[in-house]
Amino acid sequence: MSISGSPFWALSVAILRGFLRDRASVFFALVFPLMFLVLFGGLLGDQGTSKVDMIKVGDVALVDELPDDAREAFDETFEVEESDDLEAAIDTVRKGDADVALEQRGDVVVAHYTQTDQVRAGITQGTLRAFVDGANVAASGQPPRFDLRTERVEDDSLTTIQFVTPGLLGWAVAMSAAFGAAATLQGWRQSKLLRRLQLAPVSTRTVVAARIAVTLTVALAQLAIFLGLGAAAFGLTLSGTWWMAIPLVVVGTLCFMAIGLLAGAITRTAEGAVNMSNFIVLPMAFLSGSFFPLDVAPEWMQRLSDALPLKHLNEGMLDVMVRGEGASAALAPLAVLAGFAVVVTLAAAKLFRWETT
Amino acid sequence: MSVIDARGLSKTYGDLTAVDGVDLTVEQGETVGVLGPNGAGKTTLLEMVEGLRQPDAGEVSVLGEPVWPRNKRLQPRIGVQLQASSFFERLTAREQIHTFAALYRAPATAADEWLERVGLEEKADTRVEDLSGGQGQRLSIACALVHDPELVFLDEPTSALDPQARRNLWDLLSDINDAGRTVVLTTHHMDEAEVLCDRVAIMDHGRVLELGTPTALVRSLDAPTRITVAPGVVPVEEARQIPAVTEVRETADGTVLTTRDPAGVVAALGERQRLDGVTVHTGTLEDVFLALTGREYRA
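Each value, and the rule that gives it
Residues numbered from 1 in each chain as written. Chains lettered and ligands numbered in written order. Predicted model: local features only at pLDDT ≥ 70, side-chain atom pairs only at ≥ 80, totals over all residues. Heavy atoms only, no water. Pairing = 2+ DSSP bridges. Helix = DSSP H or I, 4+ residues; strand = E, 2+ residues; numbered from the N terminus. Contact = heavy atoms within 4.5 Å. Axes fitted to C-alpha atoms, helices over the stretch in contact; angles between N-to-C directions. Buried area = accessible area lost by both parts, 1.4 Å probe. Salt bridge = Lys/Arg side-chain N within 4 Å of Asp/Glu carboxyl O. Polar contact = N/O pair within 3.5 Å; in protein donor to acceptor, adjacent residues only side chain to side chain. Nonpolar A, V, L, I, M, F, W, Y, C, P; charged D, E, K, R; others polar. Expected span 1.5 Å × (residues − 1). Buried < 20%, exposed > 50% of the residue type's maximum accessible area, 1.4 Å probe, protein only. Patch = residues over 30% accessible without salt bridge, like charges linked within 9 Å, V, L, I, M, F, W, Y side chains within 5 Å. Areas by Shrake-Rupley, 256 points an atom, 1.4 Å probe, with all protein chains shown as cover. Phe/Tyr/Trp six-rings, centres within 6.5 Å; stacked < 30°, edge-to-face > 60°. Core = buried A, V, L, I, M, F, W, Y, C linked by side-chain atoms within 4.5 Å. Lys, Arg positive; Asp, Glu negative; His and termini not counted. Charge placed at Lys NZ, Arg CZ, Asp CG, Glu CD. 1 Å grid on protein atoms, 1.4 Å probe; cavity = no way out; pocket = protein on both sides within 12 Å on 5 of 7 lines; lining within 4 Å. Points joined across faces, edges and corners; volume = space filled by probe spheres on them. Domains from an automatic or database assignment. Parallel < 35°, antiparallel > 145°, perpendicular 65-115°, else oblique. Left-handed = near helix turned anticlockwise from the far one by under 90°. Arc of directions from axis to C-beta.

Residues and elements named next belong to chain B. Spatially, the 4 strands line up as an open sheet ordered β2-β1-β4-β5, and their pairing is antiparallel. A strand with exactly one partner marks an edge of an open sheet, and here the two such strands are β2 (16–26) and β5 (65–66). Bridging between strand β1 (residues 4–13) and strand β4 (residues 57–62) involves 5 bridges; their strand directions are antiparallel. Bridged to R7 within β4 is E59. Together, β1, β2 and β4 form the strand contacts of helix α1 (residues 42–50), whose direction differs from that of β1 by roughly 125 degrees.

The structure is reproduced here in structure tokens:
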């Protein structure tokens, strides 16, 4: 007698087919986040800050008499344009068409800069001060006592793609896990399929296990596609312990499935559940550094993000995938995510109802 | 031993008493209909018998087993159709019934056989969302029967179908109690209950008002029979003179003769060559419902 397969296997296949045939789900789980990856990785790929536009008004001895090696460094930072009209030059800076107008009054070099772009304003001031200090040391005739060598702590290959891939992947995993759980719970409840399964000789454990197995399969496929596309198209290079991203994605998926279950438990329709998941996950993605690095965010936002599970998933993946930290760096995020998963699951179980009425 | 033995079942939701002290016994091989308008408590009664809801009061055993709490021994022996749309989303008809077969560990061949038996082999590769209402009902009935259960519950198997699709489904439903299978169905269609059911329980406001065969229920009504002949076939005065005719009315449909001796009246009309377009209306479950509740039946 041929049997149609075990209940667990049959349920998993049925759920996976339902997912793959739902264009909207596939779009939001895979295509949509990949669009962001292409956008960030492709368009913003070469994010080396372009040169600072400088207008040199009249003769500026500091610049004109630079020694050759210093000249080279200077040209790497500044794009120099010459002018004789100070007023016009300052006006150009004010309009944002140049970053700094430089003049020399006797021994004082005056830099008229704009604060509009704070990063460039900082670079301009810092670099000019360095050149002035260098010129002063040279004028004293003493050899410099200290020397500075800068070394970036990250791998040399670190580019934008390295930073955006873990964050976007975290967002993609969170979104599809939460939506999948919320929509399944609501859809099955509305169609009474949940009741129907309750009357079949299948344990609730089997139903839940099948749903989890499918979501984990989708999440690991997301991981593979993100890393594959990032490496193939945008030069993503992973550090040694990247495989620790696998347990992170697994526990992160469980955590966001729990959030989806909670959304499904407190809403009454499938649409409501999906909207609720979106309402939770999208702002969380912004606050958790999925779209921009949190280092530039204000202090309060960084503290707030500590309370969000997605931040821990993102940080954990950044640590092991691109920051080159050891496997143990993933342990704290794993513990936090597991904690969230347990607490939210208990809340969802408490609010769970078999039917909409 | 009865297949279903329910005594004094009651269920209350807040102020609403959905089911109020219902007794129901169903014997093996019977098709029993639970008939009543929406909100009569049919579905709640069925859910308690299926083991989906715990009764507030009363006891129920099915196939000799208690149904509450969730009874693992019982589940493989009963089949349930809750609603046409209780499907896994975006699966084809064939995938759907194979999934249910697997849940019950039934052979895959049974899934294909049932698909054919309900006439859906041509729609096997159509997704459930694209099936018509009647096709969806057929598939959902097939899914309830795929593991060859001893007892089947069908909750309004023909609701939301047009009259043609309903009648098509009756052929299928009248066959499924073969091999000694017991069937319990709810409906709010009187004609359906009369055609399909061996016994009918008439429910309203959470109570079973009457339980019996459709014929017995109608007979117990002791309602007069109405005989209608085509307009102008028999003059009113002549009709009044036929023995046992108690009332004669002219309507748009024809001349209506009311009597308690339909055989004698039809014979008398025959003698007079006055039988053109004759119809005999002997009272229906609808009349029973009207008599029991004192109000028109509202589906």
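We now examine the interface of chain A and chain B. A common way to report how large an interface is uses the accessible area buried once the components associate. Contact residues are listed per partner, giving 31 residues for chain A and 33 residues for chain B. When the buried surface of chain A facing chain B is broken down by residue, R21(A), R196(A) and L199(A) rank first, second and third, together holding 25% of it. There are 3 salt bridges connecting chain A and chain B. Note that D22(A) and R90(B) form a salt bridge whose closest N and O atoms lie 3.6 Å from each other. Linking chain A with chain B are 12 residue pairs in polar contact (both at pLDDT 80 or more), by the criterion used here. For the side of chain A that touches chain B, the elements supplying multiple residues, two or more each, are α1 (7–20), α7 (160–190) and α8 (193–198) of chain A. Top element by residues in the side of chain A that touches chain B is α1(A). It accounts for 6 residues. Along the lines of polarity and charge, the residues of the side of chain A that touches chain B split into 13 nonpolar, 11 polar and 7 charged.

Each α-helix winds once per 3.6 residues, and so residues spaced three or four apart point in a common direction. All names here are of chain A. Taking 1.5 Å per residue as the helical rise, helix α13 (residues 309–321) with its 13 residues ought to reach 18 Å, and the 18 Å between its terminal C-alpha atoms agrees with that figure. The element α13 is extensively covered by neighbouring structure, given that 12 of its 13 residues are classed as buried. Buried within α13 we find P309, L310, K311, H312, L313, N314, G316, M317, L318, D319, V320 and M321. Those residues of α13 that are buried lie in contact with α7, α9 (204–234), α10 (245–266), α11 (270–287), α12 (299–305) and α14 (331–351).

Now for a nonpolar patch on the surface. On the surface, L220(A), L238(A), W242(A), W243(A) and I246(A) cluster together to form a nonpolar patch covering roughly 420 Å² of accessible area. Along the chain, L220(A) turns up in helix α9.

Moving on, we get to the packing of aromatic side chains. All names here are of chain A. This model, assessed by the stated rule, comprises 14 aromatic pairs over all chains. Ring geometry for F36 against W171: centres 5.1 Å apart, planes inclined by 75 degrees, an arrangement best described as edge-to-face. Residue F36 is located in helix α2 (residues 23–43), and its partner W171 is located in helix α7; the two are separated by 135 residues in the primary sequence. These aromatic residues form a ring-pair network of at least three members: F27, F28, F32, F36, F40, W171, F286 and F291.

Here the focus is the pattern of salt bridges. For the structure shown, the criterion picks out 31 salt bridges over all chains. One salt bridge connects R303(A) with D306(A), and the closest N-O pair in it is separated by 3.3 Å. Residue D306(A) is classed as partly exposed on the basis of its relative accessible area of 30%. The salt bridge partner of K11(B) is D56(B), with a shortest N-O separation of 3.6 Å. Residue K11(B) is located in strand β1, and its partner D56(B) is located in the loop between α1 and β4; the two are separated by 45 residues in the primary sequence. Owing to a relative accessible area of 13%, K11(B) belongs among the buried residues under this scheme. The class of D56(B) is partly exposed, set by a relative accessible area of 45%. Salt bridges sharing partners connect three or more residues here, namely E299(A), R303(A), D306(A) and K311(A).

One finds F88(B), I97(B), L139(B) and L285(B) to be the most contacted residues of the largest nonpolar core, which totals 66 residues. With 6 residues, helix α4 (residues 133–145) of chain B is the single largest residue contributor to this core. Apart from residues lying up to four places away in sequence, L285(B) is in contact with L35(B), M190(B), A193(B), E194(B), V200(B), I202(B), P214(B), L217(B) and V218(B). Formed by 48 residues, the second largest nonpolar core is a distinct cluster that contains L37(A), L168(A), L169(A) and I259(A).

This part is about a negative patch on the surface. Residues and elements named next belong to chain B. A surface patch of negative charge is lined by D112, E113, E116, E121 and E122. Within the secondary structure layout, E121 lies in the loop between α3 (108–117) and α4. For E121, a relative accessible area of 44% corresponds to the partly exposed category.

Bringing empty space enclosed by the protein into the picture now. Applying the stated criterion across every chain, the model contains 2 cavities of 30 Å³ or more. Empty space within the largest cavity amounts to approximately 50 Å³. Surrounding the largest cavity, 10 residues form its lining, R196(A), S86(B), F100(B), S140(B) and C143(B) being those nearest its centre. Elements with a minimum of two residues in the lining of the largest cavity: β6 (78–81) and α4 of chain B.

Assigned domains within chain A: domain 1 (7–45 + 159–351) and domain 2 (52–140). On a C-alpha basis, the centroid separation for the pair domain 1 of chain A and domain 2 of chain A is 49 Å.

Right, let's get into the packing of helix α2 (residues 93–103) of chain B against α4(B). Residues and elements named next belong to chain B. It is the contact of α2 with α4, at a shortest axis distance of 9 Å, that shows an interaxial angle of 25 degrees. As summarised for this structure, α2 and α4 are arranged roughly parallel, according to the angle between their axes. Considering the relative orientation of α2 and α4, their crossing is right-handed. Along the contact surface, α2 presents A93, Q96, I97 and F100, while α4 presents L139, A142 and C143. Looking at side-chain class alone, the contact of α2 with α4 contains 6 nonpolar, 1 polar and no charged residues.

Residues and elements named next belong to chain B. Looking only at helix α9 (residues 262–271), the buried set comprises V265, A268 and L269. Projected down its long axis, α9 carries its buried residues within an arc of 100 degrees, all on one side. Those residues of α9 that are exposed and aimed more than 90 degrees away from the buried face are A263 and E271. Residues of α9 that are buried in the fold lie against β11 (225–229), β12 (245–251) and β13 (254–259).

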